[in-house]
Amino acid sequence: MSHRGKEFLSIIQKAESDLRTLLNIPEEYAVLFLQGGATTQFAAIPLNITTPNDAVDYIITGSWSDKAYKEATKYCKPNVIWSGKSEKYTKIPGFDSLKTNQNTHAKYLHICANETIHGVEFKDYPTPINEKTVLVADMSSNFCSKPVDVSKFGIIYAGAQKNVGPSGVTIVIIKKDLIGNAQESTPVMLDYKIHAENNSLYNTPPCYGIYMCGLVFEDLLEQGGLVEVEKKNKKKAEILYDAIDSSNGFYRCPVEKSVRSLMNVPFTLAKPELEGEFVNIAAGEKMVQLKGHRSVGGMRASIYNAMPFAGVEKLVAFMKDFQAKHA
């Protein structure tokens, strides 16, 4: 199909319409289907809404927000107002404590809504102290896993590959009045104005990926929308965290309970020498990708939207059996 033909136009238009319904996206926001992953947006955001001398604020809750901050240093003047690195990224700060650290002239305040590697997730969102400062969020790993009040944000961006489609599609939801002020050096493919004016069709988009996202949006609506999806995700996460917390220390989750992720559950064994055996036996029972990220170690269960409740039940049963044999 030509990406400019009426067949594909109907596909991308319906995908946008269904996403707007799912997230209740206000009319004053544009929805862009882009490429390059959320990592490309680490540069695109400062290039589009700041000048090289503008101050911006970053909250660093894990590896991804840290990467976003480092990229922004090339294009503006970012300031880290809080970092969880010293505590191994196991918590999120109280928002009241952040107020004294925020720059009153910051163009935006950036957060990563869910950190996949460390398993911390914002359950609520900070409000910038200056009403002209916009909140920007990387929602790659919990996008469409729960309802979100889009009107609190200037920009929400997300790689599609965790919850809504194959890798290759990046979704940007941006308030329209933020579009059109890109720095002169901004590459054309990173300029939101170009993509908004061309309805995400400036060049050939990832057509098949957008088609797949559209099918997922239809499915999420058929499930009852994101309120129902969140209920399922909470139920899955609850039985897994309960299994960890009730293991008498055999399994441990380092993340502060109030900010534990519904998507990524990291845990370690009291006997680290058993971790390799745990991962290998689990793989033999067709439970794969349980090895934790190399920077953290241990295990990590990613239980995105598509993971059925039965899959988590099977993991929990395996964990209890493994503990019985090795405790």
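Residues numbered from 1 in each chain as written. Predicted model: local features only at pLDDT ≥ 70, side-chain atom pairs only at ≥ 80, totals over all residues. Heavy atoms only, no water.

## With respect to the pairing of strand β1 (residues 29-34)
The buried fraction of β1 amounts to six of the six residues, a majority that puts the element mostly inside the structure. In terms of strand pairing, β1 meets strand β9 (residues 170-175) through six bridges, oriented antiparallel. The residue of β9 that forms the bridge with Tyr 29 is Lys 175. (Buried < 20%, exposed > 50% of the residue type's maximum accessible area, 1.4 Å probe, protein only. Helix = DSSP H or I, 4+ residues; strand = E, 2+ residues; numbered from the N terminus. Pairing = 2+ DSSP bridges.)

## A few points about the pairing of strand β4 (residues 108-112)
Across a regular strand the side chains alternate sides, sitting on one face of the sheet and then on the other. Counting buried positions along β4 yields five of five residues, so the element is predominantly enclosed. Burial along β4 is two-sided: Tyr 108, His 110 and Cys 112 facing one way and Leu 109 and Ile 111 facing the other are all buried. Strand direction decides the pairing type here: strand β2 (residues 55-60) and β4, joined by two bridges, are parallel. Residue pairing across strands places Tyr 58 opposite His 110, the latter belonging to β4. Relative to strand β7 (residues 134-138), β4 is paired through five bridges, and the arrangement is parallel. Bridging from a neighbouring strand, His 110 pairs with Val 136 of β7.

## Regarding the UniProt feature "domain: Aminotransferase class V" (unreviewed entry) in the chain
Residues annotated in UniProt with the feature "domain: Aminotransferase class V" (unreviewed entry) correspond here to residues 1-315. The span residues 1-315 is 33% helical and 18% strand by assignment, and the distance between its end C-alpha atoms comes to 42 Å. (UniProt positions renumbered as here; feature names shortened; annotations may be inferred.)

## Overview of the nonpolar core
Counting residues in hydrophobic clusters, the biggest one holds 74 residues, and the most contacted among them are Leu 23, Phe 143, Cys 144, Ile 171, Ile 173, Phe 217 and Phe 278. With seven residues, the top contributor of residues to this core is helix α7 (residues 226-245). Look past the residues within four positions of Ile 173 in its chain and what remains in contact with it is Leu 23, Ile 25, Tyr 29, Ala 30, Val 31, Phe 143, Val 150, Gly 154, Ile 155 and Ile 156. In terms of nonpolar packing, the next biggest core, distinct from the first, is built from 28 residues, Ala 72, Tyr 89, Val 134 and Val 136 among them. (Core = buried A, V, L, I, M, F, W, Y, C linked by side-chain atoms within 4.5 Å. Contact = heavy atoms within 4.5 Å.)

## What about helix α8 (residues 275-284)?
Here α8 has its buried residues at Glu 275, Phe 278, Val 279 and Ala 282. All buried residues of α8 lie within an arc of 95° about the axis, which places them on one face of the element. Exposed residues lying more than 90 degrees from the buried face of α8 are Asn 280 and Gly 284. With its phi angle positive at about 65°, Lys 286 sits one or two positions after the end of α8. (Arc of directions from axis to C-beta.)

## Observations concerning the pattern of salt bridges
Side-chain pairs of opposite charge can arise whenever the charged atoms involved come near each other. One pass over the full model with this rule turns up 19 salt bridges. The shortest N-O distance in the salt bridge between Lys 6 and Glu 7 comes to 3.8 Å. Judged by relative accessible area, Lys 6 falls into the exposed class, the value being 68%. Residue Lys 325 pairs with Asp 321 through a salt bridge whose shortest N-O separation is 3.2 Å. With Lys 325 and Asp 321 both in helix α9 (residues 309-326), this residue pair falls four residues apart, about one helical turn. (Salt bridge = Lys/Arg side-chain N within 4 Å of Asp/Glu carboxyl O.)

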